[in-house]
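Per-entry structural report
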Number of protein chains: 2
Amino acid sequence: MKHTISALVKNRFGAVAEVTDVFRRHRVNFKSISCAETEEFDVSRLVITVENHDDQIGAVLEELKTLDSIAELDDLSRKEFVDREMALIKVGFTRESMAQVMQIFEVFRANVVGMGQETISVEITGDEDKVDGLIKMLRPHGIRSLCRTGVVALKRGDE
Amino acid sequence: MKHTISALVKNRFGAVAEVTDVFRRHRVNFKSISCAETEEFDVSRLVITVENHDDQIGAVLEELKTLDSIAELDDLSRKEFVDREMALIKVGFTRESMAQVMQIFEVFRANVVGMGQETISVEITGDEDKVDGLIKMLRPHGIRSLCRTGVVALKRGDE
């Protein structure tokens, strides 16, 4: 099962290191992590996705709750939420493949952000499946570089 | 000065924890961190942005290079690169403010991803300044929730 763990973390030295250390000690490998500033000056939003590890995840959450640097903690797997990620992809092209590559971009609504002599770079936003889908379509053309942000998520509705 | 540090990290228990621990020991607070899978099965791309800390960043990079789990390391601050981040924002609205809020979304090309009785959620992709700009415009309307992915980056051109 996939878990999406969302936390508010106080901005201070080592706060993220404390969190990642809890995962390390429980031998839980996360699939993605993202952490950036929020609307409040002194707090960052941290989102971690984990696949499998159902047995250990309860213990990890319990321990995270005891950390001073964690202000709020949610396991979004059980709640309704909007999840999105973004990826930058650099893919090879030739004169012959160009039209096909551009068509794939159009289907996935990927935006071109850069171009070289033999590669083209695009940005795509969507849920994990959409990003995976684009990557799968582009793979035969040669993916030179790929950078995913990891998932971020908001609860649905007004809450 | 702002630094954007991009690394390829081997997928194994505690790899990200090792990296964040180096920053903690040098007392360097990062602004954002994002780490997710790449096109290769066993390697993730990690991007960390740091502001200020010019004096310590050299030592941090030197120590990161010595880690077994780091396969490649770049300080993109000195290179030409495309940098982007994504944010999900939930903002309040009333019958009176609705049109104005929607206009702001249009100017920033933010996509609506959800709506409640009194809040509306959008997704925005762009460089840090663009995301900061939208947040600034929405703040008077009441930001209920904000989740940024942190910056990801690709080198420009074919490299």
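Residues numbered from 1 in each chain as written. Chains lettered and ligands numbered in written order. Predicted model: local features only at pLDDT ≥ 70, side-chain atom pairs only at ≥ 80, totals over all residues. Heavy atoms only, no water.

1. Quick word on the interface of chain A and chain B
- Between chain A and chain B, the contact holds 57 residues from the first and 57 residues from the second.
- Together, the buried faces of chain A and chain B total about 5,000 Å²; carbon and sulfur atoms form 59% of this surface.
- Summed over the three residues of chain A that lose the most area to chain B, namely A:Phe13, A:Leu154 and A:Asp158, the buried surface amounts to 14% of that side.
- Counting across the chain A and chain B interface gives four salt bridges.
- Between the two partners, chain A and chain B, sit 16 residue pairs in polar contact (both at pLDDT 80 or more).
- Every element with two or more residues in the side of chain A that touches chain B is listed here: helix H1 (15-25), strand S2 (32-37), strand S3 (43-51), strand S5 (81-92), strand S7 (119-126), strand S8 (143-148) and strand S9 (152-155) of chain A.
- The element best represented in the side of chain A that touches chain B is S5(A), accounting for seven residues. (Contact = heavy atoms within 4.5 Å. Buried area = accessible area lost by both parts, 1.4 Å probe. Salt bridge = Lys/Arg side-chain N within 4 Å of Asp/Glu carboxyl O. Polar contact = N/O pair within 3.5 Å; in protein donor to acceptor, adjacent residues only side chain to side chain. Helix = DSSP H or I, 4+ residues; strand = E, 2+ residues; numbered from the N terminus.)

2. Quick word on the pattern of salt bridges
- A complete count under the given rule lists 26 salt bridges over all chains for this structure.
- Two residues, B:Glu37 and A:Lys31, come together in a salt bridge whose shortest N-O distance is 3.9 Å. Linking B:Glu37 in strand S2 (residues 32-37) with A:Lys31 in the loop between H1 and S2, this pair reaches from one chain into another.
- With a relative accessible area of 29%, B:Glu37 lands in the partly exposed category.
- Three or more residues joined by partner-sharing salt bridges are found here, namely A:Lys2, A:Lys31, A:Glu51, A:Glu128 and B:Glu37. (Buried < 20%, exposed > 50% of the residue type's maximum accessible area, 1.4 Å probe, protein only.)

3. A closer look at the pairing of strand S6 (residues 111-115) of chain A
Residues and elements named next belong to chain A.
- Examined bridge by bridge, S6 and S7 share four bridges and lie antiparallel to one another. Its bridge partner being in S7, Asn111 is matched across the sheet by Glu123.
- Between S6 and the antiparallel strand that follows it, S7, lie three residues. (Pairing = 2+ DSSP bridges.)

4. Description of the relation of the copies chain A and chain B
- The two copies are related by a screw operation: chain A maps onto chain B through 180 degrees of rotation and 0.0 Å of translation along the axis, at an RMSD of 0.0 Å. The symmetry that links the two subunits is that of a two-fold axis. When each C-alpha of chain A is compared by its distance to the rotation axis, A:Ser34 comes out closest, at 2.1 Å.
- Residue by residue, 100% of the interface of chain A is reproduced at the interface of chain B, so both copies engage with the same surface. (Least-squares fit on C-alpha atoms with pLDDT ≥ 70 in both.)

5. Brief notes about the sheet that holds strand S4 (residues 70-75) of chain B
- Strand order in the open sheet made by the eight strands is S4(A)-S1(A)-S3(A)-S2(A)-S2(B)-S3(B)-S1(B)-S4(B), with antiparallel pairing throughout. Lying at the two open borders of the sheet, with one neighbouring strand each, are strand S4 (70-75) of chain A together with S4 of chain B. Here the average twist between neighbouring strands, direction ignored, is 15 degrees.
- As paired strands, strand S1 (residues 2-10) of chain A and S4(A) are joined by five bridges and run antiparallel to one another. If you follow A:Ser6 over to S4(A), its bridge partner there is A:Asp74.
- Against the sheet, H1(A) makes contact with S1, S2, S3 and S4 of chain A, and its axis sits at roughly 20 degrees relative to S3(A), the strand it touches most. (Axes fitted to C-alpha atoms, helices over the stretch in contact; angles between N-to-C directions.)

6. Observations concerning the nonpolar core
- Formed by 44 residues in total, the largest nonpolar core has its most connected members in A:Phe23 and B:Phe23.
- Sequence-distant contacts of B:Phe23, defined by excluding residues within four places in its chain, comprise B:Ile5, B:Val28, B:Phe30, B:Ile48, B:Val50, B:Val60 and B:Leu64. (Core = buried A, V, L, I, M, F, W, Y, C linked by side-chain atoms within 4.5 Å.)

7. Notes on the domain arrangement of chain A
All names here are of chain A.
- Domain assignment breaks chain A into domain 1 (2-79) and domain 2 (82-155).
- On a C-alpha basis, the centres of domain 1 and domain 2 stand 28 Å from each other.
- Between domain 1 and domain 2, the contact holds 11 residues from the first and eight residues from the second.
- When domain 1 packs against domain 2, the two sides together hide about 700 Å² of surface, and 50% of this comes from carbon and sulfur.
- Inspection of the domain 1/domain 2 interface yields three salt bridges.
- Glu128 serves as the salt-bridge partner of Lys2, at 2.4 Å between the closest nitrogen and oxygen. (Domains from an automatic or database assignment.)

8. Regarding empty space enclosed by the protein
- Taken as a whole, this structure holds three cavities of 30 Å³ or more when the rule is applied.
- Approximately 140 Å³ is the volume attributed to the largest cavity.
- Along the wall of the largest cavity there are 18 residues; nearest its centre are A:Arg12, A:Ala15, A:Val16, B:Asn29 and B:Phe30.
- Within the residue set of the lining of the largest cavity, elements represented by two or more residues are S1 and H1 of chain A together with helix H1 (15-25) of chain B.
- Tallied by class, residues from the lining of the largest cavity come to nine nonpolar, five polar and four charged.
- In this structure, the second largest cavity spans a volume of roughly 60 Å³.
- If you trace the second largest cavity, you find it lined by A:Ala36, A:Glu37, B:Lys31, B:Ser32, B:Thr49, B:Glu85, B:Glu128, B:Arg148, B:Gly150 and B:Val151.
- Residues that form the lining of the second largest cavity fall into these classes: two nonpolar, three polar and five charged.
- Both domain 1 (2-79) and domain 2 (82-155) of chain B contribute no fewer than three residues apiece to the lining of the second largest cavity. (1 Å grid on protein atoms, 1.4 Å probe; cavity = no way out; pocket = protein on both sides within 12 Å on 5 of 7 lines; lining within 4 Å. Points joined across faces, edges and corners; volume = space filled by probe spheres on them. Nonpolar A, V, L, I, M, F, W, Y, C, P; charged D, E, K, R; others polar.)

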